[in-house]
Amino acid sequence: MSSVYKALTIAGSDSGGGAGIQADLKTFQELGVYGMSALTAVTVQNTLGVQGVHPIPPETVAAQIASVGEDLKPDALKTGMLFSAEIIEQVAGQVSRFGWNKLVVDPVMIAKGGAELLLEEAVQALRSRLLPLALVVTPNLPEAERLTGMTIAGAEGKREAAKRLHALGTAYVVIKGGHEEGDPERSVDLLYDGSGFTEFAGTRVSTPHTHGTGCTFSAAITAGLATGLEVTEAVGQARAFIQAALEDSLGIGNGHGPTNHWAYRRRQTDGVEL
Ligand SMILES: Nc1ncnc2c1ncn2[C@@H]1O[C@H](COP(=O)(O)OP(=O)(O)O)[C@@H](O)[C@H]1O
Ligand SMILES: Cc1ncc(COP(=O)(O)O)c(N)n1
């Protein structure tokens, strides 16, 4: 049998299936990667919002990662919702212990409806404990502002924030443009590798169904890395994956619905648009 690519997601559960662990595993599967998970929290959630957040004990998070690491050995991994400084501490400890270097950190902080998915006091732990271990970090604009302490205005602001995040020890920084006001035509993600900038631009899709875009995008980068792509190639593939997922929306739920995780592969294999 040809080699099997494996990826691990360390994230929260979204009972509605559009974000978190569920979005990550669906994305891994669609990109040909075997998915594994370590749960950090159970959220009670649907397309209308988050009705409850129940963190998993930090030692149980560590035990799940150790169990997967000792046996199945992921080729790449990502983090999503981490909730507390104690969980971040355990995750950083396990990543260091196994010497994993294809780590994508999606610094999830607040759900689109406003629920807190990372405690205020845990932001510093994310900066000091996890970002130095990450190959790629993928903040949206509000997350980049919180992590850098700066207000980001315009293209120059994004570049400055990317440099500051790189200085925290992450090799590649992707500042996502989904929240950017003022460009009704495009959503531009900016990649910084410590020496140069690359822009990944997609047509801005006018849709309420954007639940889980950040999770899906970072999971697609992780899957790409697991299959051996370079970071720039993996980000390019992830951009195409999320573009298809937004354009071929499923239109389910009464609020901000999920993206369509099937769309990218269906377009590739049989040209079908849902
Ligand atoms: N309306 C949109 N049209 C096209 N791409 C989008 C749109 N909204 C978000 N994206 C893309 O989805 C990904 C996630 O971006 P963003 O929404 O900023 O993250 P988050 O979900 O973490 O808030 C990025 O690649 C971004 O460019
Ligand atoms: C369990 C969980 N993790 C992450 C998100 C963020 O979702 P989004 O990608 O829409 O910002 C979420 N709503 N729920």
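What you see is a predicted model; the values in this text were computed from it and never measured. (Residues numbered from 1 in each chain as written. Chains lettered and ligands numbered in written order. Predicted model: local features only at pLDDT ≥ 70, side-chain atom pairs only at ≥ 80, totals over all residues. Heavy atoms only, no water.)

## Some words on the overall build of the protein chain
In terms of regular secondary structure, the protein chain is built from nine helices and nine strands. Computed over C-alpha atoms, the radius of gyration of the protein chain comes to 17 Å, within 12% of the 19 Å expected from 2.2 N^0.38 for 274 residues, which places it in the range of a compact globule. Expressed along its principal axes, the backbone C-alpha trace of the protein chain runs to roughly 45 × 45 × 40 Å. For the protein chain, the proportion of its 274 residues judged to be buried stands at 52%. A separation threshold of at least 6 residues defines the contact pool for the protein chain, and within that pool the share at least 24 residues apart is 67%. As displayed, the protein chain offers around 11,600 Å² of accessible surface, 50% of which is attributable to carbon and sulfur atoms. Looking at the protein chain, you have 21 positive and 30 negative side-chain charges, and the mean spots of the two groups are 2 Å apart. (Helix = DSSP H or I, 4+ residues; strand = E, 2+ residues; numbered from the N terminus. Rg over C-alpha atoms; globule rule 2.2 N^0.38 Å. Buried < 20%, exposed > 50% of the residue type's maximum accessible area, 1.4 Å probe, protein only. Contact = heavy atoms within 4.5 Å. Areas by Shrake-Rupley, 256 points an atom, 1.4 Å probe, with all protein chains shown as cover. Lys, Arg positive; Asp, Glu negative; His and termini not counted. Charge placed at Lys NZ, Arg CZ, Asp CG, Glu CD.)

## Quick notes on the site of ligand 2
Surrounding ligand 2, one finds 16 residues, the nearest of these being Gln45, Lys112, Gly212, Gly214 and Cys215. At 2.8 Å from a nitrogen atom of ligand 2 is found a side-chain nitrogen or oxygen belonging to Gln45. The fraction of the free accessible surface of ligand 2 (370 Å²) that becomes covered by protein chains is 94%. Of all the secondary structure elements, the ones that give two or more residues to the shell around ligand 2 are β1 (6-14), β2 (34-46) and α7 (213-226). (Near = heavy atom within 4 Å. Polar contact = N/O pair within 3.5 Å; in protein donor to acceptor, adjacent residues only side chain to side chain.)

## Comments concerning the site of ligand 1
Close to ligand 1 lie 16 residues, the nearest being Lys176, His179, Ser187, Asp189 and Val205. Here an oxygen atom of ligand 1 and a side-chain polar atom of Asp189 are 2.6 Å apart. Measuring from a nitrogen atom of ligand 1, one finds a backbone N or O atom of Val205 at 2.8 Å. Taking 550 Å² as the accessible area of ligand 1 by itself, protein coverage stands at 94%. Sorting the residues of the shell around ligand 1 by element identifies β8 (186-192), α7 and α8 (231-247) as the ones contributing at least two each. By residue class, the composition of the shell around ligand 1 is four nonpolar, seven polar and five charged. (Nonpolar A, V, L, I, M, F, W, Y, C, P; charged D, E, K, R; others polar.)

## Side note on the pattern of salt bridges
Counted under the stated rule, the structure contains 12 salt bridges. A salt bridge links Arg265 to Glu30; its shortest N-O distance comes to 3.0 Å. Remark: Glu30 occurs in helix α1 (residues 20-30) and Arg265 occurs in helix α9 (residues 263-270); sequence separation between them is 235 residues. The exposure class of Arg265 is partly exposed, given its relative accessible area of 37%. Taking relative accessible area as the criterion, Glu30 reaches 10% and is therefore assigned buried. What you see here is one network of salt bridges that share partners, running through Glu247, Asp248 and Arg267. (Salt bridge = Lys/Arg side-chain N within 4 Å of Asp/Glu carboxyl O.)

## Side note on the pairing of β8
Burial analysis of β8 places six of its seven residues in the buried class, which makes it a mostly covered element. For strand β7 (residues 172-175) and β8, the ladder comprises three bridges, and the chain directions are antiparallel. In the strand pairing of β8, Val174 is matched with Leu191. Alignment of β8 against strand β9 (residues 197-203), held across seven bridges, turns out to be antiparallel. Bridge pairing in β9 links Ser187 to Gly202. (Pairing = 2+ DSSP bridges.)

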